[in-house]
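One letter stands for each residue in the lines below.
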Amino acid sequence: MFDLLIDLDPSRGRQAGLEDALRRGVTSGQLTAGARLPSTRALAKELGYARATVVAAYEQLVAEGFLVAAHGAGTSIAAVPRAPADRPRVDRPPRRYLGDFRPGEPDRSSFPRSEWMSSLRRALSASGDDLLGYGDPRGLEELRHALAAYVGRARGVVANPERIVVFGGFANALAVLAEALRGLERHMIAVEDPALPFHPELCRRAGMDIERVPVDAEGVRVDVLAQTSAAAVLVTPAHQYPLGVALAARRRTALVAWARSTDGWIIEDDYDGEFRYDRQPIGAVQGLAPERVVYGGTASKSLAAGVHLAWLVLPQALVEPVVETARWRAAVSTIEQAAFADFITRGRLDRHLRQMRAVYRRRRDAVIALLRAQAPWLTMTGIAAGLHGTVELSGPVSREAEILRVAEAHSVGMHPLSVHRHAPGPPGLVIGYSRPAGHEFTSALERLGQLVSVLPPSSG
Ligand SMILES: Cc1ncc(COP(=O)(O)O)c(C=O)c1O
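Read on for a plain summary of the structure. These numbers come from a predicted model, not from an experiment. The written sequence of each chain sets the order in which its residues are numbered from 1. Only residues with pLDDT of at least 70 get local features here, since the model is predicted, and only at 80 or more are side-chain atom pairs given and counted; chain-wide, interface and lining totals rely on the full set of residues. Only hydrogens and water are set aside when side-chain values are computed; all heavy atoms of the structure are taken into account.

It is worth spelling out the sheet that holds strand S11 (residues 310-313) at this point. Strand order in the open sheet formed by 8 strands is S4-S11-S10-S9-S8-S5-S6-S7, and the pairing between neighbours is mixed. On the outer flanks of this sheet lie strand S4 (164-167) and strand S7 (219-220), each paired with one strand and no other. We treat two strands as partners when DSSP finds at least two bridges between them. Helix numbers and strand numbers start at the N terminus; a helix is a DSSP run of H or I with at least 4 residues, a strand a run of E with at least 2. The pairing of strand S8 (residues 232-235) with strand S9 (residues 265-269) spans 4 bridges and is classified as parallel. Along S9, the bridge assignment pairs valine 235 with glutamate 268.

So, in C-alpha cells, the structure goes:
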C-alpha cells in the first residue's frame, strides 16, 4: 500500500472529486512522474468509496495521459510536462568527461565500501536505542573523541572532544560559524584571493562583509590582512586553494600574531591536509594557537564528498555561540557518525589514506611527466600536496576560455583559475588528478595528452 495525501472537494461528487484532486496533484508537481498510486482496492477502502468509482477515476486519468497503468505493476503518475516556471531550479547533471581533471573530489570508485559497511553494521548492532535520538548538538560523543585523537596525531591539532562540533560538510560549518560571528557583532571576514568562490558567498549570506587578501608564493599576505578591519580570516594554510602554496613558517607566526593582537579569529580550512607527498606533513596552524584558531576538517577528500562529514575544533570562547547557532539544524545522521567513529578508531581511515596517498602521488607524477614531455610551457605548481595543481598561463584571461573550449571538444574537464579570483590576476587552469576511477586514469591521461598536443606553445 502506497500512502497518498489527496485533497478531495466533496462538492464535486466522488469520482469527479477524486479525478480533480489527482489532476491537481500532478500539475502542481506534488505527485511526480513515476510515483506509484495505491491500488484501486486499497484506495477505495481508505476513502470508503465503491471500488468501481476509483477504477473509473483512474481509467479517466489514464485516458487523459495523467496516469499510466502497467499490467501487473499498478498505476503510476505519467511524465506530464510542466510549465518551465514551475520547474524547480536544479543544477544541470554534470557532464561526464573521458578525461576528468576537474579538481574537487577524490576517486569515488576507491571509497572503502566494505570497510564502511562493516563499521556501519558494527555501529548499529553495538549501539543502544540512544543512538537514534537527536543526540548532542555537537555530534556523537564517541565521534568527537575519535576525531580529537585523529586530528591530534595526524594534523597536530590541540583538540578536546568538548570543543568539537560535527557538521554535514565544511560549507555548512562555515555558514554556521559566520552566522555565529555575526551574532557576536564581528561582521567583517577576510578571505584569500583567489579562493573557492562559494565560501565567501556563504559568509556574505550569513550577513558578513568580505575583505579579500591576496596570496603570494608564501601564502596569504598577512601584512595586507593587518590593514583591514577583519575580525576573522578564512585560510587554507596546508595547501592554498586553488594555488597550492603552503603557508610559510614566518607567515604562520605572523598570522597568529595578527590574531592575538587584534582578538581576531583564524579559520583554518584543512580540506586536503592529509595528502602531502614531498615533505613531512605540515601540521595545522591551530597547534600554534588553539585559542585563536578554528580548525576545520572534512571527509570530502579523505573519503568522499557524499558522506557529508566535517568537523570544527573550536576555541573555548566560540563553542557556545557556534553550538547555539547550529542547534536543531546542523545535525548529521547519528548512525553515520557512529560508523565514522568506528571507522577512525579501527585505523581504517589511516589505512585508506595511506593507500590513496600512494595512488594520488603516482597520478600526480604521471600528469607532471606528461606535461613536461608534451607541453613544457605548461608548468604545474602547488603539487607538493593535495589532489590538484595549478598551471599559470600567459596572455589575456581569454586564454583560459580558449583552452577550455578545446578541452571540452576533447572531453577533458578542468577548471579556470579566474573564477577563483576577485582581483584580476594571471589566467590559469586548475587541474585535479583524483577524480577518475582507478581503471580510467590511464585513458584519462591519454585524453589529456591529446589535448595538450593540439595546443599551440603560446598557450603557456
Ligand atoms: C577549499 C576547500 N575547502 C573545503 C572543502 C570541503 O568542503 P565540504 O566539506 O563542504 O565538502 C573543499 C572541497 O572541495 C575545498 O576545495
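Aromatic pairing here means that ring centres of Phe, Tyr or Trp (its six-membered ring) are within 6.5 Å. Orientation follows from the plane angle: under 30 degrees is stacked, over 60 is edge-to-face, and everything else is tilted. In the structure shown here, the tally under the stated rule is 7 aromatic pairs. When the centroid spacing of 5.4 Å and the interplanar angle of 55 degrees are considered together, the rings of tryptophan 116 and phenylalanine 343 count as tilted. Here phenylalanine 343 lies in helix H11 (residues 334-345) and tryptophan 116 lies in helix H4 (residues 113-126), a separation of 227 residues in the sequence. For tryptophan 116, a relative accessible area of 7% puts it in the buried group. Burial here depends on accessible area, computed with a 1.4 Å probe over protein chains only, as a share of the maximum for the residue type. Under 20% is buried, over 50% is exposed, and the range in between is partly exposed. For phenylalanine 343, a relative accessible area of 0% gives the class buried. Here tyrosine 241 and tyrosine 271 contribute two aromatic rings whose centre-to-centre distance is 5.6 Å and whose plane-to-plane angle is 85 degrees, an arrangement assigned as edge-to-face. Remark: tyrosine 271 occurs in the loop between S9 and strand S10 (293-298) and tyrosine 241 occurs in the loop between S8 and helix H9 (249-262); sequence separation between them is 30 residues. For tyrosine 241, a relative accessible area of 9% corresponds to the buried category. By the ring-pair criterion, three or more aromatic residues cluster together here, those being Phe111, Trp116, Trp311, Phe340 and Phe343.

The next point concerns the packing of helix H12 (residues 348-374) against helix H14 (residues 441-454). Lines fitted to C-alpha atoms define the axes here, with helix axes fitted over just the stretch in contact, and angles between the N-to-C directions of these axes take values from 0 to 180 degrees. In the contact formed by H12 and H14, the axes pass within 10 Å of each other and the chain directions differ by 25 degrees. One element, H12, and the other, H14, form an angle in the roughly parallel class. For the element pair H12 and H14, the recorded crossing hand is right-handed. Contact with H12, carried on its side by Arg363, Ala366, Val367, Leu370, Leu371 and Gln374, involves Phe441, Leu445, Leu448, Gly449, Val452 and Ser453 of H14 and no other residues of that element. In terms of residue class, the contact of H12 with H14 is built from 8 nonpolar, 3 polar and 1 charged. For classification purposes, angles smaller than 35 degrees are called roughly parallel, those larger than 145 roughly antiparallel, those between 65 and 115 roughly perpendicular, and all remaining angles oblique. Handedness of a crossing follows from how the near helix is turned relative to the far one, being left-handed for an anticlockwise turn of less than a right angle and right-handed for a clockwise one. The contact criterion used throughout is that any non-hydrogen atoms of two residues lie within 4.5 Å. Side-chain classes follow a simple rule in which Ala, Val, Leu, Ile, Met, Phe, Trp, Tyr, Cys and Pro form the nonpolar group, Asp, Glu, Lys and Arg form the charged group, and the remainder, Gly included, forms the polar group.

Another point: H4. Here the expected span of a helix is defined as 1.5 Å times the quantity of residues minus one. Here H4 is 14 residues long and its end C-alpha atoms lie 19 Å apart, about the 20 Å a rise of 1.5 Å per residue gives. The elements touched by buried residues of H4 are H11 and H12.

A separate point is the pattern of salt bridges. Two side chains with opposite charge may pair up if their charged atoms get near one another. When a carboxyl oxygen of Asp or Glu is within 4 Å of a side-chain nitrogen of Lys or Arg, the pair counts as a salt bridge. All told, the structure shown has 31 salt bridges when counted by the stated rule. The partner of arginine 12 in a salt bridge is aspartate 20, with the nearest N and O atoms 2.4 Å apart. Taking relative accessible area as the criterion, aspartate 20 reaches 19% and is therefore assigned buried. Residue aspartate 270 is joined to arginine 155 by a salt bridge in which the shortest nitrogen-to-oxygen separation is 2.6 Å.

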